[in-house]
Amino acid sequence: MRLAALALGLLTSIAAAAFANVPPAQWRGVPVLMYHKVDAIVPADAVGRDLTVAPASFAAQLRWLRAHHIRTLTAAALADALRRGQHPQRAVVLTFDDGYEDAATTALPLLRANHATATFYISSGFIGTPRHLSWAQVRTLQAAGMEIACHGTYHLDLSQLDRAEQMREAKHCIETFARYLHGFRPVTYAYPAGQYDATTFVVMAQLGMRLAFTEHPGTVRSLRARYESPRRRVRRDDDLATFAALATP
Ligand SMILES: [Zn+2]
């Protein structure tokens, strides 16, 4: 009797595990989406315009994710899931680069309203400068459950730096957050302009980064190439069908 109960329990847990862990062959990974600004103010230059998603568009994208039961993970949560051998389904990671102030004033209220989380890749050296986040705003993002992570100190292209310079640029960002956020140490990184080289892998490993993002196409499928993780750019003119394709593995 006890044996039968044990066997039943075992079968139940095997079934539960099967639901939680889809066989890797059928699993197509988690898309990681890259935003810069969500703002009603549209920059005049073509590049700035392309990087600025209208608040109404972003709200529609968040509603689309909810309607399709696609949950948002932070990059750190994705790294944790992969480390545990899980293969998240119907999941997406939303990321915001550079640390503009609209992250707190515009993106955050929309994320909250839609019960979504995101990862904010902030260049620490620009915090408190015009049009960028203040430390109070960075703390507000963190208190709301958002991941605060590194995008360099001065947004330098790591592939143009030697090893000591790369280490300084990345380490200073991490240590600045630790100093201003009560010892909090970021665990993921996004390379400015998506640029890196072989030296960057050594630097990221030494700093204990769990994932680092490029702008390569594709989805995150494993931690094997953890420092060359792909991201998909969301552009201002993307309609919902384009967004749906980006958010689907
Ligand atoms: Zn950037």
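## Some words on the overall build of the protein
For step 1, the next point in the chain: Helix and strand counts for the protein come out as 9 helices and 10 strands.
For step 2, the next point in the chain: The C-alpha radius of gyration of the protein comes to 19 Å, within 12% of the 18 Å expected for a compact globule of 249 residues.
For step 3, the next point in the chain: Within the protein, the proportion of its 249 residues that are buried is 37%.
For step 4, the next point in the chain: Considering only contacts within the protein whose residues lie at least 6 apart along the sequence, 65% involve residues at least 24 apart.

## Thoughts on the nonpolar core
For step 1, the next point in the chain: Within the largest apolar cluster, 60 residues are counted, with the highest numbers of intra-cluster contacts made by L33, V93, A103, F120 and Y189.
For step 2, the next point in the chain: Once you skip the residues sitting within four places of it in the chain, Y189 turns out to touch A149, C150, A170, M204, M209 and A212.

## Quick look at the environment of P192
For step 1, the next point in the chain: With respect to the secondary-structure elements, P192 resides in the loop between β8 (188–190) and α8 (198–206).
For step 2, the next point in the chain: Assessed through the 19 C-beta atoms surrounding it within 10 Å, P192 is described here as partly exposed.
For step 3, the next point in the chain: Those residues in contact with P192 that lie beyond four places of it in its chain are H151, G152, H155, L156 and D157.

## Description of the pairing of strand β7 (residues 147–150)
For step 1, the next point in the chain: In β7, alternate side chains face the same way, and those of E147 and A149 on one face and I148 and C150 on the other are all buried.
For step 2, the next point in the chain: Sheet topology note: the strand β6 (residues 119–122)/β7 ladder contains 4 bridges and is parallel. The residue bridging Y121 from the neighbouring strand is A149, located in β7.
For step 3, the next point in the chain: The parallel pair β6 and β7 is bridged by helix α6 (residues 135–143), and the resulting crossover is right-handed.

## Description of the confidence of the model for the protein
For step 1, the next point in the chain: Put simply, the protein has an average pLDDT of 93, and 91% of its residues get 70 or more.
For step 2, the next point in the chain: Low pLDDT, under 50, characterises residues 10–19; the stretch is placed with 0 contacts to residues that sit more than four places away or in other chains.

## Digging into the pairing of β6
For step 1, the next point in the chain: Both faces of β6 are covered, namely the face carrying T119 and Y121 and the face carrying F120 and I122.
For step 2, the next point in the chain: With 4 bridges joining them, strand β5 (residues 91–98) and β6 adopt parallel strand pairing. Residue pairing across strands places T95 opposite T119, the latter belonging to β6.

Cut-offs applied
Each chain carries its own residue numbering, running from 1 in the direction its sequence is written. Residues qualify for local features only when their pLDDT is at least 70, as the model is predicted, and side-chain atom pairs are given and counted only at 80 or more; totals for whole chains, interfaces and linings, by contrast, use all residues. Where helices and strands are cited, they refer to DSSP runs of H or I of at least four residues and of E of at least two residues respectively, numbered from the N terminus. The globule rule used here is 2.2 Å times the number of residues to the 0.38 power, and the radius of gyration it is set against is calculated over C-alpha atoms. In this scheme every C-beta is placed from the backbone, and a residue whose C-beta has 20 or more other C-beta atoms within 10 Å is buried, one with 12 or fewer is exposed, and one in between is partly exposed. Contact definition: two residues whose C-beta atoms, as placed from backbone geometry, lie within 7 Å. Note on terminology: a nonpolar core is any set of buried Ala, Val, Leu, Ile, Met, Phe, Trp, Tyr and Cys residues joined through C-beta atoms within 7 Å. One bridge is not enough; two strands pair if DSSP finds at least two bridges between them. With the strands aimed away from the viewer, a crossover counts as right-handed if its path from the first strand over the helix to the second runs clockwise. The pLDDT value expresses, per residue, how confident the predictor is, ranging between 0 and 100.

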